[in-house]
Amino acid sequence: MVLLSTTHRVAPGLLSGPAWQVLRTADRVLAGDPAHPLLAPLAQSGIAAEVLDVPFYARARTLAEAASDAVVVWLVGPDGDPGLTDALARFAVEGAEAPGVVVPELELLPGSYDLPGARLLDLVTVMDRLRSPGGCPWDAQQTHESLVKYLVEESFELVEAIEEDDRATLREELGDVLLQVFFHSRIAQEHATDPFSIDDVAGAIVDKLIYRHPHVFGDRDADTAEQVEANWEELKAAEKQRESATDGVPLGQPSLALAAKLHSRAHKAGVSVALPDAEESDFGARLLRLAAEAQDAGVDPEAALRAAARAYRDAIRTAESGQEN
């Protein structure tokens, strides 16, 4: 008896060569559900499959008896038929101890496999369920605007996990950020006049990556990271048709990061701008100058300040611990 399993994350009928060979040579092909997704593609391929119309508790014994003198393929259900394998194993043990009982050999055969990224399809399904009628009332009420604070919060939590080198938290926070992308895409899908889906989002970034990596997908050469970055900026400028080096710099980002980005854009564009004089009382000008100095030294000022802040936090905790003792 062959237990043929498939994944619901690929189209029904996309089976491996060994699976098709077993199906075509089997004496009987059986399924437990008339709505099994493989029944239609098998019928189109000229393979007759039967639906086993017996109670669940009797399924293992019926299958074992059917396979005692024939090659039987059982189409495992989308839920994996929980308990069936254990029941078949128990029946095999019981049958082996009974004289005159033929115990069929069991073979587990995966007919299709998950491709890399297949679990993203599950996230699409879950997000659609939460957002649809009968799903979650809170999820159904959310908008792009209401989710902004969560996107920002999850992004900073991801940054913290990276800087703390916390692998378990990193995986969790990547999932939280990924959820935000899928959530916003699901909301966008419902727009009355300009809808788009997660497939449109993914397709757009794939096209952008291919376009901006001509040294990989095209005929341009780039042997160093600096050449790659120069190509990227050149292509981006042509694509966006920007008039200023500052176009596209998000002003809502943290201030130190904003100052460093503006300084970097000016430097790459060959624009020379004198930094404002930093008088003792002008904290903004002093911070701007420090951010520019850090950028010139190859240091991310935002990350540097966070590292210093974490050290300061630890010092505070150490001092508090000493006070408690």
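You'll find the structure just up there.
None of the values given here were measured: they were computed from a predicted structure.

### As for the sheet that holds strand β1 (residues 2-5)
Taken in spatial order, the 5 strands of this open sheet run β3-β2-β4-β1-β5, and their pairing is parallel. If you trace the sheet from one side to the other, it starts and ends with β3 (50-51) and β5 (107-110), each paired once. Pairing of strand β2 (residues 28-31) with β3 involves 2 bridges; the strand directions are parallel. When the bridges of β3 are listed, Leu30 appears paired with Glu50.

### Overview of the pattern of salt bridges
Where side chains of opposite charge bring their charged atoms close, a pairing between them can arise. Counted by the stated rule, this structure contains 14 salt bridges. Here Glu164 ties to Arg310 by a salt bridge, and the two come within 3.7 Å at their closest N and O atoms. Of this pair, Glu164 sits in the loop between α7 (144-163) and α8 (167-188) while Arg310 sits in helix α14 (residues 301-324), and the two are 146 residues apart along the sequence.

### Observations concerning helix α12 (residues 255-268)
Here α12 is 14 residues long and its end C-alpha atoms lie 20 Å apart, about the 20 Å a rise of 1.5 Å per residue gives. Those residues of α12 that sit buried are Leu256, Ala257, Leu258, Ala259, Ala260, Ser264 and Arg265. A positive phi of about 75° marks Gly270, the residue just after α12.

### Some words on the side chain of His184
By the element assignment, His184 lies in helix α8. For His184, a relative accessible area of 16% puts it in the buried group. When neighbours within four sequence positions are excluded, His184 is seen to be in contact with His144 and Leu147.

### Description of unusual backbone geometry
Its identity as a non-glycine residue notwithstanding, Asp81 has a phi of 50°, on the positive side. The exposure class of Asp81 is buried, given its relative accessible area of 10%. For Asp165, which is not glycine, the phi torsion reads 55° and is therefore positive. Along the polypeptide, Asp165 turns up in the loop between α7 and α8. Residue class for Asp165 comes out exposed when judged on its relative accessible area of 62%.

### Side note on the packing of aromatic side chains
Under the counting rule described, the total for this entry stands at 2 aromatic pairs. With 5.9 Å between their ring centres and 75° between their planes, Trp138 and Tyr150 make a pair best called edge-to-face. On the criterion of sequence distance, the pair formed by Trp138 in helix α6 (residues 137-141) and Tyr150 in helix α7 is long-range, its members being 12 residues apart. Classification of Tyr150 by relative accessible area gives partly exposed; the value is 26%. Between Trp138 and Phe183, the aromatic rings sit 6.5 Å apart at their centres with planes inclined by 65°, giving edge-to-face as the arrangement. Of the two residues, Trp138 sits in helix α6 while Phe183 sits in helix α8, which places them 45 residues apart along the sequence. The structure contains a cluster of three or more aromatic residues connected by ring pairs, namely Trp138, Tyr150 and Phe183.

### A short note on a nonpolar patch on the surface
Residues Ile205, Val206, Leu209, Ile210, Val216 and Phe217 make up a contiguous nonpolar surface patch of about 530 Å² in total accessible area. Within the residue set of the nonpolar patch, elements represented by two or more residues are α9 (198-211) and α10 (214-217). With 4 residues, the single largest contributor to the nonpolar patch is α9. Within the secondary structure, Val206 is located in helix α9. Accessibility expressed as a relative area gives 43% for Val206, which makes it partly exposed.

### A closer look at the pairing of strand β4 (residues 72-75)
Here β4 shows two buried faces, one formed by Val72 and Trp74 and the other by Val73 and Leu75. Sheet analysis places β1 next to β4, joined by 3 bridges and oriented parallel. When the sheet's bridge partners are listed, Leu3 is paired in β4 with Trp74.

Parameters at a glance
- Residues numbered from 1 in each chain as written.
- Predicted model: local features only at pLDDT ≥ 70, side-chain atom pairs only at ≥ 80, totals over all residues.
- Heavy atoms only, no water.
- Pairing = 2+ DSSP bridges.
- Helix = DSSP H or I, 4+ residues; strand = E, 2+ residues; numbered from the N terminus.
- Salt bridge = Lys/Arg side-chain N within 4 Å of Asp/Glu carboxyl O.
- Expected span 1.5 Å × (residues − 1).
- Buried < 20%, exposed > 50% of the residue type's maximum accessible area, 1.4 Å probe, protein only.
- Contact = heavy atoms within 4.5 Å.
- Phe/Tyr/Trp six-rings, centres within 6.5 Å; stacked < 30°, edge-to-face > 60°.
- Patch = residues over 30% accessible without salt bridge, like charges linked within 9 Å, V, L, I, M, F, W, Y side chains within 5 Å.
- Areas by Shrake-Rupley, 256 points an atom, 1.4 Å probe, with all protein chains shown as cover.

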